[in-house]
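Structure at a glance
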Amino acid sequence: MLLNGLWNFSFENGKTIKMPVPGCFDAAGEFFSQRGKAAYWREVVCGGYVELHLEGIGLRAEIFWDGKKIGEELTAYTPLTLRFDAGEKGNHELKIICDNTIEETPESEFRRFYDFYGFGGIYRDVTLRELPETSFSYVKVIPVDPFAGKVQLHIELDGPEKSVSMQISNGQTIEFPGSGDFEFVIPEPELWSPEEPNLYSVTISCGDEVYKTRFGLRSIESKNRKLYLNGKELFIVGVNRHDVYPLTGAAIPYEQLKTDLQMIKAEGMNFIRGSHYPQSELMLDLADELGLLVWDETLGWENPLDSLNNEEFIRRQKSGLKRMIRNSINHPSIVFWGFLNEAITDDESARRCVRELTETIKEEDTSRLITFATMMSDRDKCLDIVDIAAFNTYPGWYNGTFTFFDPNIVEAELDRIAEFVRNTPELAEMPMIISEIGAAALPGDHSGRRWSEEYQSQLILTTLELIRKDSRYSGVLFWQFCNSQVDDNGRIMMRPRGYNNKGLVDEYRKPKLAWNDLKKVLK
Ligand code: ADA
């Protein structure tokens, strides 16, 4: 049962009104930019053992069933699955109390200083299903050797039933004895790639339980300082993308999401970094279908050392990683798992957190590469722990007293980072990318100075040219696809109109000069 629709709603125990789910109550209208506790509730007709799935809420939530607390979510944008006894078949009340106040503690995963707005509400789909006697609690389909069509299947069953049967869209039917790890082979395999995003769908049944998923045959590897997709060297050109739209906040309408991904594909790009939180199933489905590679990461932004050394912060990050991976593991579009954007990783004490998060990913999945985006450049102390050295840097934007674009500033910075990697033995064999670079542009400013569309376009095109020329780099992800709303924190004086204006398109997706110029180069 898809439980989206109009729910009862009350903000801070005020009057009861109707509010759309998915939606962000503070993105527009009566509660615009307000912080507090918002109760959402509705009737659900069901009974017995059920599974409730919340794909993403903000910023935190408590979940109640017939007035009794059945769970809580401490991390925004992160999928949560709860299994519980719903009672007798009939009317029941599901209530979700979302809290968008900002927790300013070391364990908090959403702080006021973040450079994006912390919305309140139920951002993504809510579903509930009555579970048969035996149900699948986890199904993982991972290509092991795509060229040979070899696939690994991992099944976890909840219940007494044992035998499982699987139908594949190519006509194959295979039987399995129940929970466990198995392998099967797809004859005449058709690989998944950005150029040819071939997908297989599978229907897996066990008694009355039917589960459908899709998978793709592709491999991602790092060796000899390079990235390889399906055995061919991969050069990344893409964008960082915030999942946000004016008026709806983090609950982006499906049609808009689809338009975003189609625009990115049509631009000639091959990659999206889902900055800075787990991506929705809808986004990943579209990426699978359109042929876009994805970096999926947990929620975080410049988390300080007192967070990185805090047990509860680490526990929440691990829980977020596990839930993100288990929710999205079958999407071939995901090639990197990540965590901790721009954390304070220039200190030895950050290594434990980075190592533990890396281990957590490996426990769940060894078929993708692991990375995090650092702003510490040659001071970073944790890069050797992961698979890809990914650098965020803003030459020609922050700092300096220049007025017009100077390509030498960008060139010097890209050379400096590449030199650092070359000269650091622990990093020398790793692939490296620029995971963020960019400049803000205010639409309509054609002065050619910083903040103009021309300046942004020159910076983006120059960066691409330099990265393409330097064989040490495996690609670049521009900051960012579209302008994104920020909070009223100390940084707002650098964020005209309350937006991070480094979008290559504006917040309504109207292309700036850089978007159009880049398209000509990428085609
Ligand atoms: C950082 C950060 C982004 C954004 C960007 C900027 O690199 O990761 O979220 O804040 O800087 O615009 O300064």
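For the structure, see preceding data.
Residues numbered from 1 in each chain as written. Predicted model: local features only at pLDDT ≥ 70, side-chain atom pairs only at ≥ 80, totals over all residues. Heavy atoms only, no water.

Along the protein chain, the regular secondary structure elements total eight helices and 32 strands. Against the compact-globule benchmark of 24 Å for 523 residues, the protein chain has a radius of gyration of 23 Å, which places it among compact chains. Projecting the C-alpha coordinates of the protein chain onto the three principal axes gives extents of approximately 70 × 60 × 45 Å. Taking all 523 residues of the protein chain together, the buried fraction comes to 60%. In the protein chain, 70% of the contacts between residues at least 6 apart in sequence involve partners at least 24 apart. Taken as a whole, the protein chain presents about 19,600 Å² of accessible surface, with 50% of it coming from carbon and sulfur. Of the side-chain charges in the protein chain, 59 are positive and 82 negative, and the distance between the mean point of each set is 3 Å. (Helix = DSSP H or I, 4+ residues; strand = E, 2+ residues; numbered from the N terminus. Rg over C-alpha atoms; globule rule 2.2 N^0.38 Å. Buried < 20%, exposed > 50% of the residue type's maximum accessible area, 1.4 Å probe, protein only. Contact = heavy atoms within 4.5 Å. Areas by Shrake-Rupley, 256 points an atom, 1.4 Å probe, with all protein chains shown as cover. Lys, Arg positive; Asp, Glu negative; His and termini not counted. Charge placed at Lys NZ, Arg CZ, Asp CG, Glu CD.)

Turning next to the packing of aromatic side chains. How two aromatic rings sit relative to each other is set out by the distance from centre to centre and by the angle between their planes. Per the stated rule, a full pass over the model turns up 29 aromatic pairs. On the numbers, 5.0 Å between centres and 75° between planes, the contact of F9 with Y40 is edge-to-face. Residue F9 is located in strand β1 (residues 5-11), and its partner Y40 is located in strand β4 (residues 37-46); the two are separated by 31 residues in the primary sequence. A single burial state applies to F9 and to Y40, both of which are buried. Aromatic side chains F11 and F31 sit 5.2 Å apart centroid to centroid with 50° between the ring planes, which places their arrangement in the tilted category. Remark: F31 occurs in the loop between β3 (23-24) and β4 and F11 occurs in strand β1; sequence separation between them is 20 residues. Of the two residues, F11 and F31, both sit in the buried class. (Phe/Tyr/Trp six-rings, centres within 6.5 Å; stacked < 30°, edge-to-face > 60°.)

Shape descriptors only; they carry no functional weight alone.
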